[in-house]
Amino acid sequence: MTTPPDYSIDVDVETEYLAGESDPAGNRFVFAYTITILNRGAHPARLLTRHWLITDADGTVQEVRGPGVVGEHPYLRPGEAFRYTSGTQLPTAVGSMRGSYQMIADDGTRFDAEIKPFVLAAPRTLH
């Protein structure tokens, strides 16, 4: 779905490897990601659902769909941002995530906010 220009949501991602929760010998690598969702459009909008594709280094893809984010459906006026932290677990030291948020503007227009691919990597695994 193409996003109309007046309906623009930017998504910024920061990642962190959680060594204390991970067990590399047991193929358990835990990552936190902090998302900032910014409404750069001209219309207020609410986040309805999320869709994630999580890919590990072996090419296995996990698809996740669900309502809202961290139990919320943030409502963003133009210029407003919402920030949250969540996490995921992989069986490999490296992986990636990408996806989208399904949004609805006050005027009833539904659109997707793209979450561009980002890398999850334990320290000293990528050079």
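Only a predicted model underlies this, so the values are computations on that prediction, with no experimental measurement involved. (Residues numbered from 1 in each chain as written. Predicted model: local features only at pLDDT ≥ 70, side-chain atom pairs only at ≥ 80, totals over all residues. Heavy atoms only, no water.)

Tell me what's going on with the overall build of the chain, and back it up with residues and numbers.
Secondary structure summary: the chain contains zero helices and eight strands in total. In sequence order, the chain lays out its α and β elements as β-β-β-β-β-β-β-β. Projected onto its principal axes, the C-alpha positions of the chain cover 50 × 30 × 25 Å. By residue count, 39% of the 127 residues in the chain fall in the buried class. Sequence separation of at least 24 residues holds for 66% of the intrachain contacts in the chain that already meet a minimum separation of 6. Taken as a whole, the chain presents about 7100 Å² of accessible surface, with 47% of it coming from carbon and sulfur. Within the chain, one finds 11 positive and 16 negative side-chain charges whose respective centroids are separated by 1 Å. (Helix = DSSP H or I, 4+ residues; strand = E, 2+ residues; numbered from the N terminus. Buried < 20%, exposed > 50% of the residue type's maximum accessible area, 1.4 Å probe, protein only. Contact = heavy atoms within 4.5 Å. Areas by Shrake-Rupley, 256 points an atom, 1.4 Å probe, with all protein chains shown as cover. Lys, Arg positive; Asp, Glu negative; His and termini not counted. Charge placed at Lys NZ, Arg CZ, Asp CG, Glu CD.)

Residues and numbers for the nonpolar core, please.
Ile 37, Trp 52, Tyr 84, Tyr 101 and Met 103 are the most contacted members of the largest nonpolar core, which totals 29 residues. Elements with a contribution of two residues or more to this core: β1 (9–17), β2 (29–39), β3 (45–56), β6 (81–90), β7 (94–105) and β8 (110–121). Apart from the residues within four sequence positions on either side, Ile 37 is in contact with Ile 9, Asp 10, Leu 47, Leu 76, Glu 80, Ala 81, Phe 82, Tyr 84 and Tyr 101. (Core = buried A, V, L, I, M, F, W, Y, C linked by side-chain atoms within 4.5 Å.)

With reference to specific residues and values, describe unusual backbone geometry.
Despite not being glycine, Asn 27 shows a phi value in the positive range, around 55°. With respect to the helices and strands, Asn 27 occurs in the loop between β1 and β2. Its identity is not glycine, yet Val 70 carries a phi of approximately 40°, on the positive side. Turning to its location among the elements, Val 70 is positioned in the loop between β4 (61–67) and β5 (75–76). Judged by relative accessible area, which is 44%, Val 70 ranks as partly exposed.

Let's hear about the pairing of β8: which residues, and what values?
Direction of pairing for β7 relative to β8: antiparallel, over a ladder of 10 bridges. The residue bridging Met 97 from the neighbouring strand is Phe 118, located in β8. Hairpin connection, β7 to β8: the antiparallel pair is bridged by four residues, and Gly 108 has positive phi, about 95°. (Pairing = 2+ DSSP bridges.)

Now, about the pairing of β7: what can you tell me, with residues and values included?
Counting buried positions over the 12 residues of β7 gives nine, a clear majority of the element. When β3 meets β7, the two strands line up antiparallel, connected through 11 bridges. Residue Trp 52 lies in a different strand from β7, and its bridge partner there is Gly 99.

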